[in-house]
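A structural walkthrough
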Amino acid sequence: MSYHVRIHDRQQDKVYEADIDSDRYILDCLEDQGINLPFSCLNGACTACAMRVKSGQIDQHEVIGLSKTLQDEGYALICSSYALSDLDLETQDEDEVYRLQFGNFFAKQRRRWFQFGIPLDHD
Ligand code: FES
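Because the structure is a prediction, the values reported are computed rather than measured. (Residues numbered from 1 in each chain as written. Predicted model: local features only at pLDDT ≥ 70, side-chain atom pairs only at ≥ 80, totals over all residues. Heavy atoms only, no water.)

Glancing now at the nonpolar core. With 28 residues, the main nonpolar core has Ile7, Ile20, Ile26, Leu30, Leu37, Ile78 and Leu89 as its most contacted residues. For this core, the secondary-structure elements that each account for two or more residues are β1 (2–9), β2 (14–21), α1 (26–32), β3 (50–55), β5 (75–77) and β7 (87–91). For this core, the element with the highest residue contribution is α1, accounting for four residues. (Core = buried A, V, L, I, M, F, W, Y, C linked by side-chain atoms within 4.5 Å. Buried < 20%, exposed > 50% of the residue type's maximum accessible area, 1.4 Å probe, protein only. Helix = DSSP H or I, 4+ residues; strand = E, 2+ residues; numbered from the N terminus.)

Here it is in structure tokens:
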């Protein structure tokens, strides 16, 4: 089955449209059609490929770097997810999803490093 995807690349001020297969990762399908969007790990962990889902349904069961809460709030990591319907997506602000997903964790850890020092092998 295939679905139609519209992507607003806000940083490049471009709109892309493509038909993608439901049994392949969204990002892979887009790249095969010459649509180049941000990515890094390609494992659903780093959030570089995050999109805001303006409409449509996405299967993110393989994603490990985005909480269920953020998925429910309308974010998706398209390198490791599948379309379940036609989609309307837009690129995130730089590091938007990274900060939402990991910001609180690192802020707490940094405080701990200042208190106790960074654990190193030779300590
Ligand atoms: S490229 Fe890292 S989560 Fe998609």
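Picking up where we left off.
This part takes up the environment of Ser22. By secondary structure assignment, the location of Ser22 is in the loop between β2 and α1. Between the C-alpha atoms of Ser22 and Ala83, which are 61 residues apart in sequence, the distance is 5.3 Å.

A few words now on unusual backbone geometry. Its identity is not glycine, yet Asp13 carries a phi of approximately 55°, on the positive side. Mapped onto the elements of the fold, Asp13 is located in the loop between β1 and β2. The phi dihedral of Asp95 is positive, around 65°, even though this residue is not glycine. For Asp95, a relative accessible area of 43% puts it in the partly exposed group.

Moving on: the packing of aromatic side chains. For the structure on display, the rule yields two aromatic pairs. When the ring of Tyr25 is compared with that of Tyr82, the centres are 5.1 Å apart and the planes differ by 35°; the resulting orientation is tilted. Highlighted residues: Tyr25 in the loop between β2 and α1 and Tyr82 in strand β6 (residues 82–83), separated in sequence by 57 residues. Here Tyr98 and Phe102 contribute two aromatic rings whose centre-to-centre distance is 5.2 Å and whose plane-to-plane angle is 55°, an arrangement assigned as tilted. Residue Tyr98 and its partner Phe102 are both found in helix α3 (residues 96–116); the two are separated by four residues, about one turn of the helix. (Phe/Tyr/Trp six-rings, centres within 6.5 Å; stacked < 30°, edge-to-face > 60°.)

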